[in-house]
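# Observations on the model geometry
This is what each chain is made of:
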Amino acid sequence: MNKEALIVVDIQNDFLPGGALAVNHGDEIVPIVNELMERFDLVVATQDWHPADHGSFAANHEGKKVGELIDLNGLPQIMWPVHCVQESKGAEFARSLNTSKFKKVFQKGTDATIDSYSGLFDNGKRKSTGLGEYLKAEGVEKVTVVGLAADYCVKFTALDAKEFGFEVVLTVAGTRAVNLRPGDFEKALKELERAGVEVRR
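Criteria and cut-off values
- Residues numbered from 1 in each chain as written.
- Predicted model: local features only at pLDDT ≥ 70, side-chain atom pairs only at ≥ 80, totals over all residues.
- Heavy atoms only, no water.
- Buried < 20%, exposed > 50% of the residue type's maximum accessible area, 1.4 Å probe, protein only.
- Helix = DSSP H or I, 4+ residues; strand = E, 2+ residues; numbered from the N terminus.
- Pairing = 2+ DSSP bridges.
- Right-handed = clockwise from strand over helix to strand, strands pointing away.
- Polar contact = N/O pair within 3.5 Å; in protein donor to acceptor, adjacent residues only side chain to side chain.
- Contact = heavy atoms within 4.5 Å.
- Axes fitted to C-alpha atoms, helices over the stretch in contact; angles between N-to-C directions.
- Parallel < 35°, antiparallel > 145°, perpendicular 65-115°, else oblique.
- Nonpolar A, V, L, I, M, F, W, Y, C, P; charged D, E, K, R; others polar.

### Some remarks on the pairing of strand S6 (residues 140–148)
Judged by how many residues are buried, S6 sits mostly within the fold: eight of nine residues are covered. Pairing analysis gives seven bridges linking strand S1 (residues 3–9) to S6, with the strands arranged parallel. What sits directly across from Val 8, in S6, is Val 146. Where S6 meets strand S7 (residues 167–176), six bridges bridge the pair, whose relative direction is parallel. By the bridge assignment for S7, Gly 147 is matched with Thr 175. For the crossover from S6 across helix H3 (residues 153–163) to S7, the handedness is right-handed.

### With respect to the side chain of Ser 116
Of note, Ser 116 is situated in the loop between strand S5 (104–108) and helix H2 (131–137). Judged by relative accessible area, which is 4%, Ser 116 ranks as buried. A distance of 3.4 Å separates a polar side-chain atom of Ser 116 from the backbone oxygen of Ser 118. Discounting chain neighbours no more than four positions away, the residues touching Ser 116 are Asp 48, Lys 108, Gly 109, Phe 121, Asp 122 and Asn 123.

### Structural notes on the packing of H3 against helix H4 (residues 184–194)
At their nearest, the axes of H3 and H4 sit 10 Å apart, and the two run at 5 degrees to each other. Taken together, the axes of H3 and H4 lie roughly parallel to each other. Taking contact as the criterion, the partners of Lys 155, Ala 158 and Leu 159 in H3 are, on H4, Ala 188, Glu 191 and Leu 192. Here the contact of H3 with H4 is built from residues that sort into four nonpolar, no polar and two charged.

### What to know about the environment of Arg 200
Turning to its location among the elements, Arg 200 is positioned in strand S8 (residues 198–200). According to the relative accessible area criterion, Arg 200 is partly exposed, its value standing at 39%. Residues Arg 200 and Thr 144, spaced 56 residues apart in sequence, show a C-alpha to C-alpha distance of 9.9 Å. Beyond its immediate sequence surroundings of up to four residues, Arg 200 is in contact with Lys 142, Val 169, Leu 170, Thr 171 and Val 172. Side-chain polar atoms of Arg 200 contact the side chain of Glu 198, separated by 2.8 Å.

Purely geometric stuff here, so don't read any function into it on its own.
In structure tokens:
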């Protein structure tokens with residue numbers, strides 16, 4: 001029997017309706033994820049945890065607007081609204097999320113000079129969060145990924161987990177997308193399938 005783990009990605013207030021970077025219908029996944037957690041012995045979570053001066057925030061670049069693309073220390077970077085700032089209410093997990101099931105929380109995006117969509121590495125793969133290593137040490141071979149948002153942090157977490165050597169499942173009911181451009185959700189799912197991720201619709 002493969003040891004399995006559930007990775008719950010960034011179900012935080014700022015990504016829920018009313019938040020700074022709200023994902024449409026993002027709140028709908030919380031009861032689904034709570035139910036899913038009951039089926040796993042090992043549940044880990046990722047948490048976007050940005051310093052206020054983070055380079056991905058449009059507000060920190062004069063004249064830049066949300067959605068624009070810039071070069072941030074050699075990597076293409078989408079400009080985002082200020083979100084999930086360390087110790088802020090927006091960075092807290094959704095109140096209705098059953099966080100008591102989390103064995104460990106891995107914070108990401110903590111370096112102001114580089115963004116971190118994936119729960120395993122920053123966007124330049126310069127530093128690891130320790131999540132992949134932790135799961136390997138726990139004997140995990142297969143992971144299921146849920147959370148927000150499907151076309152960014154969930155997608156990159158799933159892709160990196162696959163690259164790390166895990167068997168990866170994405171449960172579509174347990175995620176929603178930002179959809180900066182229409183169709184981004186479907187595009188992300190196809191990209192995951194091409195990479196060998198099992199997409200459960």
